[in-house]
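# Examining the three-dimensional arrangement
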Amino acid sequence: MLLPRPRIPGGRGLLRSADFSFALQGIRPFLANYGLLEGAMFRSFDGGLVLGKSRVAVIGGGPGGLAAAMLLAHWGFEVDVFEKGDQVGGRNAALRRDGFTFDVGPTLLMMRFVLDELFAATGRSSEDYLDMVPLDPMYLLDYGDDHILSYRSDEGMGGEIARVFDEGPEGVEKFYRREGRRFEELLPALQRPYDRLGDLVSREALKAFRQLAPGRSLFDVLGDYFSDDRLKLAFAFQAIYLGMSPWACPGAFAIIPFIEHKFGVYHVMGGLNRIPAAMARVVEEEGGRIHLGSEVEELVLEGRRARGVELVSGELVEADFILVNADFGHAMLHLVAPGVLKKYSPHKLARKRYSCSTFMMYLGIEGKVDIPHHSIYFARDSRSSADDIFERLTASEDPSVYVQNASATDPSLAPEGYSTLYVLVPVPNNEAEIDWKTFGIHYRERVLDVLEERIPLPDLRSRIRTEAILDPQRWEKEHSIYRGATFNLGHNLGQMLYFRPHNRFEELERVYLAGGGTHPGSGLPTIWESGRISAQLIREADDALGA
């Protein structure tokens, strides 16, 4: 049966703060004397006594769910995070193998101020939990016949552009100025929810509309500043953070390279997986509970109102609110009984547009590798390579390759005298129906060829001491990602703001979403924002119920 919470007439929120925990202890003997502590009536998930607190069940311990859980626990909610894995983080978790540590997914921290604000909202400093190191230069950008270093500073970036390209400083100065204004007007629109169509005429949304650059791609917008296509690529490759081609990514996302240059990029010592670990620590410090190895089977519904969750173990847990932090497409297919959803039925879900996937290689290397922390090796023909992935739905034989050499900054990630190489290659998602079990053998060799030629590291193969691979089919099967679309739903204008799945889920009552599949979108900072938005919505809904 469901494990219920007590209902105290007129008492909602009465004992919500931990400051009143002494009151619970004071009445415990009275309740025990009458046998009330023995029944389910006063039991929470772990058997503890709960009075007057609203319970939130968070499905998935990814960055969005943990961001929300931090805030909700701090505000006095009873928070349980159910994570099916043996560690928190989801795609932001760690892969540990033979003494090497890799980040599974995100490898750089941008918009650090969002993370700082989350910790500050709980009365903490992020620096007490995380050692964050700024990187400058931020990237090596290699074109095959030449390269530049991407610096945060205007002076450093301008010098690199003048060294390689026949363009003056005017373009980059114009880029910083115009994209700075775009960022200032778009950010407030990305930090608020879009529950109703009328939200699109809010002051923040109306300002944002002026900056959306409808009908123009990211590459088009960068043409306002630069003439050389290779230079445009230096400010366009960030489209991969959204799983999109620079030639199709909406022009408004020119704010992403601006954000990197304005606020910098950081490495977290120990890997970015330390961020969700730190968030989970805050949740527990605030009285919340993290349940590892606890996979949710489905939502428990009463009509269209969620009453709790059923675990794979068969245990039923009641909750006042549910926050779904699982991959959106996977959650819609597997966490809700067939026939319940209309807007996001399997048929309609399949018609949505999704990001690309990634072919990942995690390599433990003997010796040191003489490249910067982050490197991008562009395809010889970047446009054709992108069309392979997004139009022809094939893995390009001329791929662009991202390599993280984190050991250049952080020796803790590998045994002494060794290095970690994290290799990411954009590939089509599983809509392409590539048989990665066989094709992946060939593609591994192709990627290693590119690395040995371009790094250059001709003896790379002989120096590999440990290796792991994630392809689109494994992303889908092992990480429960719909179609293996690593960056979730696409970010075309028809799937943004109000037209993206809402933070307050529109099909079920008391269900909220966090993660890349809801507003404001994919990427660590925006996923944290989704958690912050949903936490605030839950707080407001709870206040309204207790009014």
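Residues numbered from 1 in each chain as written. Predicted model: local features only at pLDDT ≥ 70, side-chain atom pairs only at ≥ 80, totals over all residues. Heavy atoms only, no water.

This part covers the overall build of the chain. The helix and strand inventory of the chain stands at 17 helices and 20 strands. Taken against the 2.2 N^0.38 rule, which gives 24 Å for 547 residues, the C-alpha radius of gyration of the chain at 24 Å falls within 12% of a compact globule. The principal-axis extent of the C-alpha atoms belonging to the chain is close to 80 × 55 × 45 Å. Going through the 547 residues of the chain one by one, you find that 59% of them count as buried. Of the contacts made within the chain by residues no fewer than 6 positions apart, 71% connect residues no fewer than 24 positions apart. Only carbon and sulfur atoms are counted for the fraction: they give 51% of the accessible area of the chain, which is about 22000 Å². (Helix = DSSP H or I, 4+ residues; strand = E, 2+ residues; numbered from the N terminus. Rg over C-alpha atoms; globule rule 2.2 N^0.38 Å. Buried < 20%, exposed > 50% of the residue type's maximum accessible area, 1.4 Å probe, protein only. Contact = heavy atoms within 4.5 Å. Areas by Shrake-Rupley, 256 points an atom, 1.4 Å probe, with all protein chains shown as cover.)

Here the structure, examined in full by the defined rule, presents 38 salt bridges. Across the pair Glu397 and Arg446 runs a salt bridge whose closest N-O atoms are separated by 4.0 Å. Of this pair, Glu397 sits in the loop between helix H13 (382-390) and strand S17 (401-404) while Arg446 sits in helix H14 (residues 436-454), and the two are 49 residues apart along the sequence. Here Arg461 makes a salt bridge to Glu452, at a shortest N to O gap of 2.8 Å. (Salt bridge = Lys/Arg side-chain N within 4 Å of Asp/Glu carboxyl O.)

Two numbers describe how helix H2 (residues 63-74) lies on helix H10 (residues 274-285): the axes approach to 8 Å, and their chain directions differ by 25°. Considering their axes alone, H2 and H10 lie roughly parallel with respect to each other. Judged by the twist between their axes, the crossing of H2 over H10 is left-handed. Of H10, the residues touching H2 (which contributes Pro63, Leu66, Ala67, Ala69, Met70 and Ala73) are Pro276, Met279, Ala280, Val282 and Val283. Taken together, the residues that form the contact of H2 with H10 break down as 11 nonpolar, no polar and no charged. (Axes fitted to C-alpha atoms, helices over the stretch in contact; angles between N-to-C directions. Parallel < 35°, antiparallel > 145°, perpendicular 65-115°, else oblique. Left-handed = near helix turned anticlockwise from the far one by under 90°. Nonpolar A, V, L, I, M, F, W, Y, C, P; charged D, E, K, R; others polar.)

The omega torsion of the bond from Ile455 to Pro456 falls at -15°, within 30 degrees of zero and hence cis. Tracing the backbone through its elements, the reader meets Pro456 in the loop between H14 and helix H15 (460-463). Of note, the bond from His519 into Pro520 is cis; its omega dihedral lies within 30 degrees of zero at 5°. Structurally, Pro520 is set in the loop between strand S20 (511-513) and helix H17 (524-546). Backbone geometry at Met111 places phi at a positive 50°, although glycine is not the residue there. Mapped onto the secondary structure, Met111 falls in the loop between strand S5 (109-110) and helix H3 (112-121). Taking relative accessible area as the criterion, Met111 reaches 9% and is therefore assigned buried. Even without being glycine, Ser480 reaches a positive phi, approximately 55°.

Right, let's talk about the pairing of strand S3 (residues 94-97) for a bit. As paired strands, S3 and strand S4 (residues 100-103) are joined by four bridges and run antiparallel to one another. Opposite Arg97, over in S4, you have Phe100 as the bridge partner. The turn linking S3 back onto S4 is made up of two residues, and Asp98 within it adopts a positive phi angle of 55°. (Pairing = 2+ DSSP bridges.)

In terms of nonpolar packing, the biggest core is built from 111 residues, with Phe235 and Trp528 touching the most fellow members. Val296, Val336, Tyr482 and Leu489 belong to the second-largest nonpolar core, a separate cluster that totals 29 residues. (Core = buried A, V, L, I, M, F, W, Y, C linked by side-chain atoms within 4.5 Å.)

The next point concerns helix H5 (residues 170-190). Look at H5: 30 Å from first C-alpha to last across 21 residues, which is about the 30 Å you get at 1.5 Å a residue. Those residues of H5 that sit buried are Gly171, Val172, Phe175, Tyr176, Glu179, Gly180, Arg182, Phe183, Leu186, Leu187, Ala189 and Leu190. Those residues of H5 hidden inside the fold are in contact with H3, helix H4 (154-164), helix H6 (203-209), helix H7 (218-222), helix H9 (255-263) and H17. (Expected span 1.5 Å × (residues − 1).)

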